[in-house]
Structure formats: structure tokens, C-alpha cells
There are 2 protein chains.
Amino acid sequence: MASPDTLSHPLDQALLLERVSEHTYQGSFPDSYANFIGPYGGIIAAKLLQAILDHPERQGDPLAVTINYASAVADGVFDVSARPTCTKRSSQHWQLELRQNGAIPITGSAVFAHRRDTWSDQERLRPTVAPPSDFETLRFDGMPRWVYNYDMRIIKGNMAFADKLPQAREDSESLLWVRDHPGRALDFSSLMAISDVFFPRVFVRRPAFVPVGTMSLTTYFHATGCELAAQGDHFLLARAKGNRFNNGYFDQSGELWGENGALLATTHQVVYYKE
Amino acid sequence: MASPDTLSHPLDQALLLERVSEHTYQGSFPDSYANFIGPYGGIIAAKLLQAILDHPERQGDPLAVTINYASAVADGVFDVSARPTCTKRSSQHWQLELRQNGAIPITGSAVFAHRRDTWSDQERLRPTVAPPSDFETLRFDGMPRWVYNYDMRIIKGNMAFADKLPQAREDSESLLWVRDHPGRALDFSSLMAISDVFFPRVFVRRPAFVPVGTMSLTTYFHATGCELAAQGDHFLLARAKGNRFNNGYFDQSGELWGENGALLATTHQVVYYKE
């Protein structure tokens, strides 16, 4: 559980859970993370991860988290089931379900692990870009509420309708600075939430607003606890790009780098789009 | 279930399951897909996917599959639990578990979906390379048995010890032609299995053989059934590259293109490595 003095931050309020049985937590989402329909996908992912982080049997740090979005989470309370399926010396596996009103709108899984010193190297280097102070905080008419919890500064690849493009772009790559707003020291929970911060690639490509929804999100954590601590509340550099849009579904892959250039997480998702 | 006339292929033999209750299937793995410890991760993933494909309640085609590897699957029989958690008009979500000897060595989830005609575009184009006939089938001393089920022709980025490199490479990118051996018409099951065919990126980087193991694998299917049918038993072009190797775990992202250049699947995994 978060300590009371951090609970003034909207993220910590949104992540609060109450343990109601061995592997079950109860919670709800505040309006502050509302998306067009239901809560922001990133806060759902972070809440399911939080159930493991709060669990007394948890060992190690997050390595891989997959969250599947079957249906919108409704207003009101729900149960999060976080069940350890296998615990070994160096890793622990979890199955996740969010249950509400007799349905299971969200499922997922997570792998936690202990790291130890090995040969290490980062292949995907942080692109060189101008500092956050050179860019304006994203604001547009009709933003869903969750966007106000982030300070996003688009370097490249804003939504096509925000740029009033007359026709489709040929490339969906976006590059942006992002951090929690108000500022908050980065931890695994906030990094999980930020990994869904990218606008749907179909909005970057086409100047048309169509229904969209993430179907499945996977985030790999590369950061050690020390790297997260060093990041503090500084901006992350975030990049995302789609690979293929085909008959109603596209995928995107993204990276999140810390201020010192360390690749803190890579993240992938497949997204439904209409038309 | 596969029809008897296809069962002469080792993949179809390896994918056989018997339904023993509503959401439970029983199976085992033939020695032909053995890896150094336990079966090849790709055949495990394909077997869990097969349980859904065989399930009478299944709707749509695979869109996203995540498989988590907690522990080696032992010789002998096991149960696969494939449980639909949410079925909607256009998508269906599943939770997966492989249970053996009172443990749960493998977990996973899958999203199935129906596609319909929409605006579509492929951003990640197939690299231009020489045809498969210009490259030799991979063979090396001490190959685990599963490798013989594939015809892999390395274009770039072979394992560093196969190339007898004196020191580490600076880049982990591999590019190869690959298909089932003997030839077999591509379907979702074989594409799932092939999505784990990439040798661990740490072996491409460093000329050292160290213990490794996939912790979590996620594959996104972009192919329609028509595209799979058009592919037949032709070679796929496969590319993979690591992003970061950090204190015992690295990630890799890969693509699988069909003969006509269509991106059939994208695939990601995070892998344990020692030293």
C-alpha cells in the first residue's frame, strides 16, 4: 500500500486497492482517469500490476506484464484476482483477472524476476532530440480526462486531426516527452501506466476520428529499481510506431527511455479500429 | 482436430490434444520437438493455441497470444486448460494454463477476433534479400532436436559461436528464411510455433554458450486466413533484434513476412540469460 503522504497524487489515489481475501483485491477508478468509454487502459494495467505489488507473496520486480481488454470497466467497484501460479528462486508468475458484475472485462498475466549482475548492453539508443522545454504541453478540444494526468510534449507524429492534415500520413511514428502531471517520482506502477500513453497509431496516420480500443498490451520492464530512482520526476522520451493495419486491427511497438538514456521499458499492443 | 491425412507431419503429431472435459485438453509432446531442457517453446505456444482452435466455443481467428514459461514441461502427459473469459460479437478472450504433476509450468492468454474490411496499410515492409536458394540450411553440431523440424537459412546474424567470432558483435539483428521441414501449408498453429524460432539474441551477440530461457512470448497475428492459404509451404522471411540486455534479461522483437511481402505476424519476447 502507498504511504499516506503520497496519496495526494491522482495516480496513487487511482491505484488504491483493498485486500479482501488471499488473492483478491477490491477497488474502483476515480473519474480523473476516465477515457471516452471506461477508464484509461494504462491505469487499468497499472491497477492490476498494483495488486501483485501489494501482494504479501510477491517476489522480485516486474519483468513482463500482459493485459487483455475484453470489455470496458464500468463505474463502481470491482475485484482484482492476482494469483501466483509458480514461484521459483529467480522468477514468479501470476495470472490476473478483473471481475465486475459477474463478468471478466480484463485479464492478464505477469512475470516478476530477480536480476543479478551479468554482461549487459543497450542496443536501442535514445534518439537525440531537443529538451522538453522546447515543446508545448499537448492540449486539444475534447480531451478525455486521463490526458490531464500527463504532461505530453509532442516532438513528432501528433494526431492527424490535431494537425488538421488534409490526408493520411505515410508513417505512424510518434516521438514525445512525457511525465506524470503533477510530477511524481517514477516507479513500476507509473511506468506501467505510461506505457499505454501513446495515442492510437491510426489517429497519427489518418485525420479521422473512429472508434478504437486496445485489445492486448504487453510491457517489458528493463529498468532496475536504481534506474527508476535516478529518473525521479523527470521527463521520459517515448517513441511508438505501427507495423501493420489490417482489416480492423493494428499493432504498435514503443520504447520509453529515461533522462540518462537508459531504455526503461519496451511496450507493444494490438488495437481495434473501425473503418 | 487435424484430419488424419495431415497427421504424418511432425507438427500435427505434436499438436494433437484430447478433450477430457469442458475446458480441459490432455496431451504430451513427442521427442521430435525437444529442446535442451523440455520441449521447444514454440511448440508449447502452438499447443496451447491449438486447445483454443479445437474448442467448440471458439469464435474468430487468433489476434494476440501471450505464453509465459515458468518452468520446463516434463516428459509425459499434461492438461491444457483453455477457458473463454469473455465472448463478444467481434472478439473472444481466453485464459490458458498447462498443468502437470500438480504444478503450472506454463500460463498464457489469447485474444481471438473477427476481421472486416477497413482502411488498411502495412508500414513495416519486407527487406529485400536474395532468395532462399542462395543460402544453405542451418546445421551445427549439437543442435537440439526441434531445429530439424525447420528449414532455416540464415541471411544475417547467425549465432556468434557458429561463426566462431573472437568477440561480441555490436548488433543482434538476424534475418533468415524459414519454413517447416518437411514442408507444410502455413496455418495459425505453425505460424505461432515459428514465431519462437529465433535463436536467443544473446547468442547472436556473444560467442559464449550460456543458459537461456524465454520467460514470456507475445505474438500478434496480422494475417487473414486467405493470406495464410496463399503462403502455402513457401519460406517466410523472419527478422529479429534485441533492444536491451540488462542484468539477466533481454527482450527481442521480430517480424514474419510471407512470400508476397505481407507482414503475417509480429512477435516479442523477454528472455532470461545467465552471465
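This one's a predicted model, so the numbers in the text were calculated from it and none came from an experiment. Along every chain, residues carry numbers that run from 1 in the direction the sequence is written. Chains carry letters and ligands carry numbers; both start at the beginning, A for chains and 1 for ligands, and go up in the order they are written. Local features in this predicted model are restricted to residues of pLDDT 70 or higher, and side-chain atom pairs are both shown and tallied only at a pLDDT of 80 or more, whereas totals for entire chains, interfaces and linings draw on every residue. Side-chain descriptors were evaluated using all non-hydrogen atoms of the structure, hydrogens and water having been removed beforehand.

### What about the overall build of chain A?
Along its length, chain A carries 5 helices and 13 strands. Taken against the 2.2 N^0.38 rule, which gives 19 Å for 275 residues, the C-alpha radius of gyration of chain A at 18 Å falls within 12% of a compact globule. Taken along its principal axes, the extent of the C-alpha atoms in chain A is 55 × 45 × 35 Å. Looking at chain A as a whole, 61% of its 275 residues qualify as buried. Numbering of helices and strands runs from the N terminus; a helix is a DSSP stretch of H or I covering at least four residues, while a strand is a stretch of E covering at least two. Between the two quantities, the radius of gyration covers C-alpha atoms and the globule rule is 2.2 Å times the number of residues to the power 0.38. Type-normalised accessible area, obtained with a 1.4 Å probe on protein chains alone, sets the label of each residue: buried when under 20%, exposed when over 50%, and partly exposed for intermediate values.

### Quick look at helix H2 (residues 41-54) of chain B
Helix span, as expected, comes to 1.5 Å for every residue beyond the first. For H2 of chain B, with 14 residues, the first-to-last C-alpha span of 20 Å sits near the 20 Å given by 1.5 Å per residue. Extensive coverage of H2 of chain B is indicated by the burial of 14 of its 14 residues.

### Focus: the interface of chain B and chain A
Between chain B and chain A, the residue contacts involve 68 residues of the former and 68 residues of the latter. Simply put, the buried area is the total loss of 1.4 Å probe accessible area from both parts when two parts are fitted together. At the boundary of chain B with chain A, total buried surface from both sides reaches about 5900 Å², with 49% on carbon and sulfur atoms. Taken as a group, Trp 119, Glu 123 and Arg 244 of chain B account for 15% of the area that chain B buries against chain A, more than any other trio of residues on that side. Measuring nitrogen to oxygen at the nearest pair gives 2.5 Å for the salt bridge that ties Arg 83 of chain B to Glu 97 of chain A. Pairs of N or O atoms within 3.5 Å make up the polar contacts considered here, provided that, within protein, one atom can donate a hydrogen while the other can accept it, and that residues adjacent in sequence are counted only when both atoms are side-chain atoms. In this structure, the connection of chain B to chain A is made through 58 residue pairs in polar contact (both at pLDDT 80 or more). The element contributing the most residues to the side of chain B that touches chain A is strand E13 (residues 263-273) of chain B, with 7 residues. Under this grouping Gly is polar, as are all residues other than the nonpolar Ala, Val, Leu, Ile, Met, Phe, Trp, Tyr, Cys and Pro and the charged Asp, Glu, Lys and Arg. When grouped by side-chain class, the residues that make up the side of chain B that touches chain A number 20 nonpolar, 29 polar and 19 charged. In this description, strands pair whenever DSSP reports at least two bridges between them. Bridge count for strand E7 (residues 121-122) of chain A against strand E11 (residues 236-246) of chain B is 2 bridges, and the pairing is antiparallel. In what follows, a contact means two residues having at least one pair of non-hydrogen atoms within 4.5 Å. Salt bridge criterion: a side-chain nitrogen from Lys or Arg within 4 Å of a carboxyl oxygen from Asp or Glu.

### Remarks on the pattern of salt bridges
Taken as a whole and assessed by the stated rule, the structure comprises 32 salt bridges over all chains. In this structure, the salt-bridge partner of Arg 205 of chain B is Asp 121 of chain A, at a minimum N-O distance of 2.8 Å. With Arg 205 of chain B in helix H4 (residues 201-205) and Asp 121 of chain A in strand E7, the pair connects residues from two separate chains. Glu 97 of chain B is the salt-bridge partner of Arg 99 of chain B, the closest N and O atoms lying 3.2 Å from each other.

### Overview of the relation of the copies chain B and chain A
We superpose the copies by least squares over the C-alpha atoms of residues that have a pLDDT of at least 70 in both of them. Superposing chain B onto chain A requires a rotation of 180° together with a translation of 0.0 Å along the rotation axis, leaving an RMSD of 0.0 Å. Interpreted geometrically, this transformation is the action of a two-fold axis.

### Points about the pairing of strand E3 (residues 61-69) of chain B
Residues and elements named next belong to chain B. Of all 9 residues in E3, 8 are buried, a share of seventy percent or more. Two elements, E3 and strand E6 (residues 103-113), share 8 bridges in a ladder whose sense is antiparallel. Residue pairing in the sheet places Ile 67 in a bridge with Gly 108 of E6.

### A word on the environment of Tyr 272 of chain A
By secondary structure assignment, the location of Tyr 272 of chain A is in strand E13 (residues 263-273). Separated by 26 residues in the primary sequence, Tyr 272 of chain A and Asn 246 of chain A have C-alpha atoms spaced 9.8 Å apart. Beyond its immediate chain neighbours, meaning those up to four positions away, Tyr 272 of chain A contacts Pro 211, Val 212, Gly 213, Met 215, Gly 248 and Tyr 249 of chain A together with Arg 116 of chain B. Polar side-chain contacts of Tyr 272 of chain A include one of 3.3 Å to the side chain of Arg 116 of chain B.

### Description of the confidence of the model for chain A
On a range of 0 to 100, pLDDT expresses the predictor's confidence in each residue. Here chain A averages 95 in pLDDT, and 98% of its residues register 70 or above. Taken together, the chains of this predicted complex give a pTM of 0.97 and an interface ipTM of 0.96.

### Quick look at the packing of aromatic side chains
Residue and element names in this part refer to chain A. Note on aromatic pairs: the rings of Phe, Tyr and Trp (six-membered ring only in Trp) are paired at centre separations within 6.5 Å, and the planes decide the class, stacked below 30 degrees, edge-to-face beyond 60, tilted for the rest. For the structure shown, the criterion picks out 33 aromatic pairs over all chains. Taken together, Tyr 40, Phe 140, Trp 146, Tyr 150 and Phe 199 form an aromatic cluster joined through their ring pairs. For Lys 47, the ring lying beneath its charged end belongs to Phe 29, and the centroid distance is 5.0 Å. A ring has a charge above it when a Lys NZ or an Arg CZ is no more than 6 Å from the ring centre and no more than 35 degrees off the ring normal.

### Brief notes about the nonpolar core
Only buried residues count toward a nonpolar core, which is a set of Ala, Val, Leu, Ile, Met, Phe, Trp, Tyr and Cys residues joined through side-chain atoms within 4.5 Å. Of all hydrophobic cores here, the largest spans 68 residues; its most connected members are Ile 43, Trp 146, Tyr 150, Met 152, Val 178 and Leu 191 of chain B. Looking at this core element by element, the count peaks at 9 residues for H2 of chain B. Ile 44, Leu 48, Ala 51 and Leu 217 of chain A belong to the second largest nonpolar core, which has 67 residues in total.

### Looking at the pairing of E13 of chain A
All names here are of chain A. Most of E13 is tucked away: 11 of the 11 residues are buried. For strand E12 (residues 249-257) and E13, the ladder comprises 9 bridges, and the chain directions are antiparallel. If you follow Glu 255 over to E13, its bridge partner there is Thr 266. Linking E12 back to E13 in an antiparallel pair, the connection comprises 5 residues, with Gly 261 at a positive phi of about 95°.

### Concerning a nonpolar patch on the surface
Residues and elements named next belong to chain A. On the surface, Phe 36, Ile 37 and Phe 209 cluster together into a nonpolar patch covering about 390 Å² of accessible area. Structurally, Ile 37 is set in the loop between strand E2 (24-27) and helix H2 (41-54). With relative accessibility at 71%, the residue Ile 37 sits in the exposed group. Here the term patch refers to residues with relative accessible area over 30% and no salt bridge, with like charges joined within 9 Å and nonpolar side chains (Val, Leu, Ile, Met, Phe, Trp, Tyr) within 5 Å. Here, Shrake-Rupley sampling with a 1.4 Å probe gives the accessible areas, and only protein chains in the shown set may cover a residue.

### Some words on the side chain of Glu 255 of chain A
All names here are of chain A. Mapped onto the elements of the fold, Glu 255 is located in strand E12. Look at Glu 255 and you get buried, because its relative accessible area is 3%. Contacts of Glu 255, omitting those with residues within four sequence positions, involve Arg 124, Phe 198, Leu 237, Ala 238, Arg 239, Leu 263, Ala 265 and Thr 266.

### Here we look at the environment of Asp 121 of chain A
Here Asp 121 of chain A falls in the partly exposed class, since its relative accessible area comes to 26%. Put simply, Asp 121 of chain A and Ser 71 of chain A are 50 residues apart on the chain and 39 Å apart in space, counted from C-alpha to C-alpha. Discounting chain neighbours no more than four positions away, the residues touching Asp 121 of chain A are Arg 205, Arg 244 and Phe 245 of chain B. One polar contact links Asp 121 of chain A to Arg 205 of chain B, side chain to side chain, over a distance of 2.8 Å.

### Notes on the environment of Gly 38 of chain A
Looking at the element boundaries, Gly 38 of chain A is found in the loop between E2 and H2. Along the primary structure Gly 38 of chain A and Thr 267 of chain A are separated by 229 residues, whereas in three dimensions their C-alpha atoms are 22 Å apart.

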